[in-house]
Amino acid sequence: MTRFTDGSDFKSYSCLPCRQRKVKCDRRAPCCNCVKADKQCSFIPPVRGKRKRTKPPREGLHAKLERYEKLLSLHGIKSEPSDDLDDSDSETDTCMDEDANAVDTTLEETKPKLIIREGVSRYFDSAPWSIFGGEFQHPEVGGTVDESFSDENGLFFGQNEKFENLASLHPSVQILPKLRDIYADRVDPLVKILHLPTFSTALANGLRHPAERSKSLEALMFSFYLAVVSTLNEDECQDLFGLSESVVYARYRLATRQALIDARFLSTSNPMTLQAYVLFMMCVRKSYSCDTLFVLSGVAIRLARKMGFHRDGSFLGLSPFDAEMRRRLWWYLVHVDFRIADVLGTRPSMDISCADTKTPLNVDDEDLHPDMTDLPPERNGITSISLCLIRHEMLVALHDFSTSSAADMRWEVVLGPNVPPAKKDNIISRIEDHLERKYLRYCDPANPLHTFVSIMIRFSICKMKLDAHNPRQFARSPPKDLQTERDIVFTNARKLLEYVTLVQGGHRGLEKYTWQIGTSALWIAMLYVLIEVRHRRTGLEVDRSWQLIGVVFSCPRMFGRTPKPVDTVLCKWTLEVWDHYVAASKAEGLPEPSTPEYINAIRGRTRSTGELSRTEHLSVHRGPVDESSLGCKQIQSNGHETLFDFGSLDSYDFPDILSFEMDSNEWVQWEQLVAEGGRP
């Protein structure tokens, strides 16, 4: 402290009031500022703040290059030194180090982000757009386009017809409860992508306040109507809409397409529009070719990825309800893409393999609410989402068979020779036991949904066993115990036929689910059964198989939808195997089998000089087939059984059925034939 001649003291630091006011202090006691302001001048020594921890030195650019070169060499990759490297300019090196460190720090801080605004969801996972938080986008996104080609949505779907007043096609509010009940009963368990309580509220509000509904909601509403119409029969359509089923379906299919175009579905970031598109895609699966559905599925996967559905909502900071609904939609899309790819004999979208979306919970819609803070506990037993969860579990189970990639989800991996048969059987048994404990033990036969879930589980297990012991392997390397392999194939192929006829026959209330059941698995199983019947020649199991084949031919839901080349070749093989069966019976001294009428009907096609229309039917007297024991309805018309016309059989030239076991190329040609006319 210094004392001046006037008696005042001079401090080495500013007074507290001046430090707080951040003004210059003359350090006298009292200082001039405090005297003028008439404040108490107090000199309190300042406290030194904590010293900041020194950051570790940043790694220079050359140090990084050296480290990367070492990593490359460890993986067997040689790196050649550059002759142009100049270390003389230290100032330039310093600037480069600082720039590289800055870029490196920025990239390390980059994290995937989901931006949600006004119902629109956009996902970013690459720099620099994720850093901007959705405020900016790539210059090519949203740029100017040629107005003459701006309607890409219409180009994708085509618009030969258009309704002038789309709003007039909405049904009345009075039949809305009936439509909701039909959707909940027939559609929701198969296509579990809507939360019915919240959607029902939005649907009712949309009908009552048409001026307030968005384009996305209108698209979802029409997809909802189309889904309901897809499950109705003729009488139900007349009762609800006063029109025939074909007219109502065509009307709402066109209206849904128009609503999707209005919502600009190809460029949408709205999850509601995606839901509408997915519903539409599944309602037209019987009208479009499998190749077209494969493209439609790819569009859906890419739209979902753009909105971040491949990332679990819990990682993106979403509410439990939103995260759970996104899981439902994503995994349904995975199932659809996998199923279509399986029919076409190709791989599903690679976008599926980079997802981390969790499995949805086994809960009913009543357990979920948009305002909930925590997810509810899972239910024991079968719920409205159980069928979708079973599909997911079967997809996950395929990973155990894959030896090339953990993301390889194809039924073909079960066929792979790299996995020993014993290991395949153990994996399948483990899956079967798991599904038994989780679902089958809770099955109530009086509940059609429970029965359907039970059949689908057993159907999937049979399909796995068939693929694991597929007869196509006999052409490459016959197994040691060939008869055991044949027994497995024969047993499971017959079971598949029985399960399909049970569902397609419409017994036990199962007919309401047939609108989403394909028939491609039926054709494969028929071929397996015919091959084994040809080998076994005669016997009780062979007799029973001929009855089962007759049931299949008499079910219009199956062969009524079979592509002409497929059912033609199956009919030719059926005649071929039947003739061998009759000859074998005579050779063994057995009574000659009585020819069932479906055999006579098929044989009549070979004698026909002209080809009948595909919609024409053959009416024949009922043969000795006990359909009631197998679950398929008797299809009758004036006391006669109805069989579908199979076309002219002489126009197709196929090899002997046993050639499949000698030439693996025959399987390839058969699978191509099935894929061309397949329905997923």
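Residues numbered from 1 in each chain as written. Predicted model: local features only at pLDDT ≥ 70, side-chain atom pairs only at ≥ 80, totals over all residues. Heavy atoms only, no water.

Within an unreviewed UniProt entry, the label attached to the protein reads Zn(2)-C6 fungal-type domain-containing protein, and the organism entered is Aspergillus pseudoviridinutans. Annotation of the protein in UniProt includes, under Subcellular location (unreviewed entry), the sentence "Nucleus". (UniProt positions renumbered as here; feature names shortened; annotations may be inferred.)

Draft legend 1. Spatial organisation of helix 13 (residues 320–344). If you check helix 13, its first and last C-alpha atoms are 37 Å apart, about what 25 residues at 1.5 Å a residue would give, namely 36 Å. Burial analysis of helix 13 places 20 of its 25 residues in the buried class, which makes it a mostly covered element. Positive backbone phi, approximately 75 degrees, marks Gly345, located one or two places after helix 13. (Helix = DSSP H or I, 4+ residues; strand = E, 2+ residues; numbered from the N terminus. Expected span 1.5 Å × (residues − 1). Buried < 20%, exposed > 50% of the residue type's maximum accessible area, 1.4 Å probe, protein only.)

Draft legend 2. Highlighting the pattern of salt bridges. In the structure shown here, the tally under the stated rule is 20 salt bridges. Among the salt bridges present, the one from Lys438 reaches Glu393, with a minimum N-O distance of 3.2 Å. Taken together, the residues Lys438 in helix 16 (residues 421–438) and Glu393 in helix 14 (residues 386–397) connect sequence positions 45 residues apart. One salt bridge connects Lys463 with Asp467, and the closest N-O pair in it is separated by 3.7 Å. Of the two residues, Lys463 and Asp467 both sit in helix 17 (residues 448–468), 4 residues apart, roughly one turn of that helix. Looking at Asp467, the relative accessible area reads 10%, which means it is buried. Each of Arg486, Asp487, Glu532, Arg536 and Glu541 takes part in salt bridges that share partners, so that together they form one network. (Salt bridge = Lys/Arg side-chain N within 4 Å of Asp/Glu carboxyl O.)

Draft legend 3. Broad picture of the environment of Val569. Mapped onto the elements, Val569 comes out in helix 23 (residues 564–587). Note on Val569: relative accessible area 0%, which makes it buried. Between the alpha carbons of Val569 and Leu527 there is a distance of 9.9 Å; along the sequence they are 42 residues apart.

Draft legend 4. Main features of unusual backbone geometry. Looking along the chain, the bond that leaves Ala29 and enters Pro30 is cis, with omega of 0 degrees. With respect to the element layout, Pro30 can be found in the loop between strand 3 (28–29) and helix 2 (32–37). The backbone of Lys22 sits at a positive phi, close to 60 degrees, despite the residue not being glycine. If you check the backbone angles, Arg264 has positive phi at about 55 degrees while not being a glycine.

Draft legend 5. Highlighting empty space enclosed by the protein. If you walk through the whole model with that rule in mind, you get 2 cavities of 30 Å³ or more. The space that makes up the largest cavity amounts to roughly 660 Å³. Every residue lining the largest cavity is counted, 30 residues in all, and those nearest its centre are His335, Arg339, Arg391, Met456 and Phe459. When residues of the lining of the largest cavity are traced back to their parent elements, those giving at least two are helix 13, helix 14, helix 17 and helix 19 (482–504). Here the element with the most residues in the lining of the largest cavity is helix 13; it accounts for 7 residues. Per-class residue counts for the lining of the largest cavity are 21 nonpolar, 4 polar and 5 charged. There is about 60 Å³ of room inside the second largest cavity. (1 Å grid on protein atoms, 1.4 Å probe; cavity = no way out; pocket = protein on both sides within 12 Å on 5 of 7 lines; lining within 4 Å. Points joined across faces, edges and corners; volume = space filled by probe spheres on them. Nonpolar A, V, L, I, M, F, W, Y, C, P; charged D, E, K, R; others polar.)

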